[in-house]
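Below are the chains, spelled out letter by letter.
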Amino acid sequence: MTQHSTTSRSWLILLLGGLWLLCATGLQAGSHAESPPAYRFGIFPYLSPTRIEQAYAPLAAAFAELLGHPLRLGTAKDLDTFRARLLRGDFDIALVPPFAVVPLVDRRGYTPLARRPSNPARIVVLINSPLKHVGDLRDQTLGLPPARSLVNVIIRVDLDERGLWAGRDFQARHFPSTPACLHNLLVNRVDACATGGGAGLRSFERKMGVKLRTLYQTQPFPHMLFITRPDFPADEANKLKQFILGLGESAEGRELLRQIGPDSRFVPYRPADYDVIRRYHKTMQRHAQILP
């Protein structure tokens, strides 16, 4: 009798344990089923993939915590591929170059959140260069960033409007980065370099012990901006906007900006700020150039 009672209790324990495991498994499966979908956060490829990961993974983690959604950080091998991914809706949140304001914000209704401050592009020479005015570039060699980069487009349009055409009035050499161009300037392989200026120029001067002089400077233009898809939840887009604009107000936010790069900050988006970009966009279309 005792043996039978013990056996019954053992089976009862096993049965209850199995029911508990089944319920727990069901609850866990239900929890996974109800977890929010991951948002896709795209950064246009103005840096190497490794550098993008270093610069923006901390910000992506902060976005995920703010929204209560996991985020997947991504980019593309080049600007053309990134543009194609944007146009087919691969990214929910994206950091895009300023020319993207026309096809995405103006034409497709993407929501702008915040932008980098306006800056001019410039052409620099060594302090003792014989070049004194932009017209002195005739018959000289100008170093430029990659052909599809913002600075290249801005500088080329401005020079075209001043009657200076690459290949006819001056020679153009494209380099993968501003430091690469500046190193060629030091050894007299180019006579001037086009650049976005900023901390990179000051860093180069300190590192190499040289002084640079601005030969020509464009009108200031707004830089890259954060956007969300047209169907992105409006309340979450507003959370992101307020968070990005407030990054400079806390130690944690300033550290996120520092990770992105020196002098990084974001300001409110206003449509009129991009009128200069829209003018450049029309000019390049007249020149049969392809823009993002």
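Refer to the preceding data block for the structure.
Values in this document were obtained by computation on a predicted structure and should not be read as measured data.

Rules of the game
- Residues numbered from 1 in each chain as written.
- Predicted model: local features only at pLDDT ≥ 70, side-chain atom pairs only at ≥ 80, totals over all residues.
- Heavy atoms only, no water.
- Helix = DSSP H or I, 4+ residues; strand = E, 2+ residues; numbered from the N terminus.
- Expected span 1.5 Å × (residues − 1).
- Buried < 20%, exposed > 50% of the residue type's maximum accessible area, 1.4 Å probe, protein only.
- Arc of directions from axis to C-beta.
- Contact = heavy atoms within 4.5 Å.
- Pairing = 2+ DSSP bridges.
- Axes fitted to C-alpha atoms, helices over the stretch in contact; angles between N-to-C directions.
- 1 Å grid on protein atoms, 1.4 Å probe; cavity = no way out; pocket = protein on both sides within 12 Å on 5 of 7 lines; lining within 4 Å.
- Points joined across faces, edges and corners; volume = space filled by probe spheres on them.
- Nonpolar A, V, L, I, M, F, W, Y, C, P; charged D, E, K, R; others polar.
- Parallel < 35°, antiparallel > 145°, perpendicular 65-115°, else oblique.
- Left-handed = near helix turned anticlockwise from the far one by under 90°.

Looking now at helix α8 (residues 234-245). Between its terminal C-alpha atoms α8 stretches 17 Å, which fits the 16 Å expected from twelve residues at 1.5 Å a residue. Buried residues of α8: E236, A237, L240 and I244, and no others. Across the axial projection of α8, the buried residues extend over an arc of 100°, all falling on one side. Among the exposed residues of α8, those pointing more than 90 degrees away from its buried face are A234 and D235. Close packing links the buried residues of α8 with β1 (39-43), α2 (49-67), β3 (93-96), β4 (111-115) and β10 (225-228).

Turning our eyes to something else, we now look at the sheet that holds strand β11 (residues 267-268). Strand order in the open sheet formed by six strands is β2-β1-β3-β10-β4-β11, with mixed pairing between adjacent strands. Looking at which strands have only one partner, the edges of the open sheet turn out to be β2 (71-74) and β11. Direction of pairing for β1 relative to β2: parallel, over a ladder of four bridges. Note on β2: the bridge partner recorded for R40 is R72. Packed on one face of the sheet, helix α3 (residues 79-87) meets β1 and β3 and runs near 145° to β3.

Once that is clear, we can look at the layout of surface pockets. It is a probe the size of a water molecule, rolled over the atoms, that shows where empty space is left. As a volume, the largest pocket reaches approximately 1700 Å³. What lines the largest pocket is a set of 49 residues, and nearest its centre among them are Y46, L47, T178, H223 and M224. Where the lining of the largest pocket is concerned, the elements lending two or more residues are α3, α5 (150-161), α6 (178-186) and α7 (199-208). Top contributing element to the lining of the largest pocket by residue count: α7, with seven residues. Here the residues of the lining of the largest pocket sort into 26 nonpolar, 14 polar and nine charged.

Time to look at the packing of α2 against α8. At a minimum axis distance of 10 Å, the contact between α2 and α8 shows a crossing angle of 135°. Classified by the angle between their axes, α2 and α8 sit oblique to one another. In this structure, the crossing between α2 and α8 has a hand that is right-handed. Where α2 abuts α8, its residues L59, A62, F63, L66 and L67 lie against E236, K239, L240, F243 and I244. Within the contact of α2 with α8, the residues separate by chemical class into eight nonpolar, no polar and two charged.

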